[in-house]
Amino acid sequence: AARYDLVRKRYRADPRAGLAAFELGRLRLDSLSDASGAVEAFDDAIALSPGSWFREYAEARRVEALDVSGERARCVTARDAYLARYPSGVHTTLVSSRCRP
């Protein structure tokens, strides 16, 4: 995680920085129980690589991280944005089930 964080922060112009941020988000959410840190990393992944092959997945995982972190208002906004952008997306079922009160 520390190395992914280093890459995304130090080499922001490198095309791999967005992927490093995405992988950092996955690690923080899945292995380190750091949902808030995962949100920050997924935000960075989307910002650094807006046209990437992993953007849809990053947006879906961001919704999951927001839900786990208890940020309901941001979660609803992110969920609705994902569903508008990817109405037939691979992660539509997962994303639709998130952000419940």
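In case you missed it, the structure is sitting above this.
Rules and cut-offs
Residues numbered from 1 in each chain as written. Predicted model: local features only at pLDDT ≥ 70, side-chain atom pairs only at ≥ 80, totals over all residues. Heavy atoms only, no water. Helix = DSSP H or I, 4+ residues; strand = E, 2+ residues; numbered from the N terminus. Buried < 20%, exposed > 50% of the residue type's maximum accessible area, 1.4 Å probe, protein only. Polar contact = N/O pair within 3.5 Å; in protein donor to acceptor, adjacent residues only side chain to side chain. Contact = heavy atoms within 4.5 Å. Expected span 1.5 Å × (residues − 1). Phe/Tyr/Trp six-rings, centres within 6.5 Å; stacked < 30°, edge-to-face > 60°.

Enquirer: Would you take a moment to explain the side chain of D44 for this structure?
Expert: Relative to the elements of secondary structure, D44 occurs in helix 3 (residues 35-48). The class of D44 is buried, set by a relative accessible area of 10%. Reaching out from D44, the side chain makes a polar contact with the side chain of R12 at a distance of 2.6 Å. Filtering out sequence-adjacent residues up to four positions away, D44 remains in contact with R8, R12 and A21.

Enquirer: Any chance you could explain helix 4 (residues 55-69) here in plain terms?
Expert: Quick reminder: α-helices carry 3.6 residues per turn. Residues three or four places apart thus point the same way. The first and last C-alpha atoms of helix 4 sit 21 Å apart over 15 residues, in line with the 21 Å expected at 1.5 Å per residue. All of the buried residues in helix 4 are R55, E56, A58, E59, A60, R61, R62, V63, E64, A65 and L66. Turning to helix 4, the residues buried within the fold contact helix 2 (17-30), helix 3, helix 5 (72-85) and helix 6 (92-96). Phi for G70, located one or two positions after helix 4, is positive at around 80 degrees.

Enquirer: Just checking my understanding: could you explain the environment of F42 for this structure?
Expert: On the secondary structure map, F42 appears in helix 3. Judged by its relative accessible area of 0%, F42 falls in the buried class. Ignoring any residue separated from it by four or fewer positions in sequence, one finds F42 in contact with F22, G25, R26, L29, A58, R61, R62 and A65.

Enquirer: What is the right way to look at the environment of G70 in this model?
Expert: Within the secondary structure, G70 is located in the loop between helix 4 and helix 5. Of the residues examined, G70 reaches a relative accessible area of 59% and is grouped as exposed. Between the C-alpha atom of G70 and that of A35, which follows or precedes it by 35 residues, the distance is 9.1 Å.

Enquirer: How do you make sense of the packing of aromatic side chains when you look at a structure like this?
Expert: Centre distance and the angle of the planes are the two values used to describe a pair of aromatic rings. Overall, the coordinates contain five aromatic pairs when judged by the stated rule. Consider the rings of W53 and F54, whose centres lie 5.3 Å apart with planes at 85 degrees: the pair is edge-to-face. For W53, a relative accessible area of 69% corresponds to the exposed category. Relative accessible area serves as the criterion here: at 4%, F54 is assigned to the buried category. Measuring from ring centre to ring centre gives 5.0 Å for Y82 and Y86, while their planes differ by 40 degrees; the resulting arrangement is tilted. Among the aromatic residues, ring-to-ring pairing joins F22, F42, W53, F54 and Y57 into one connected group.

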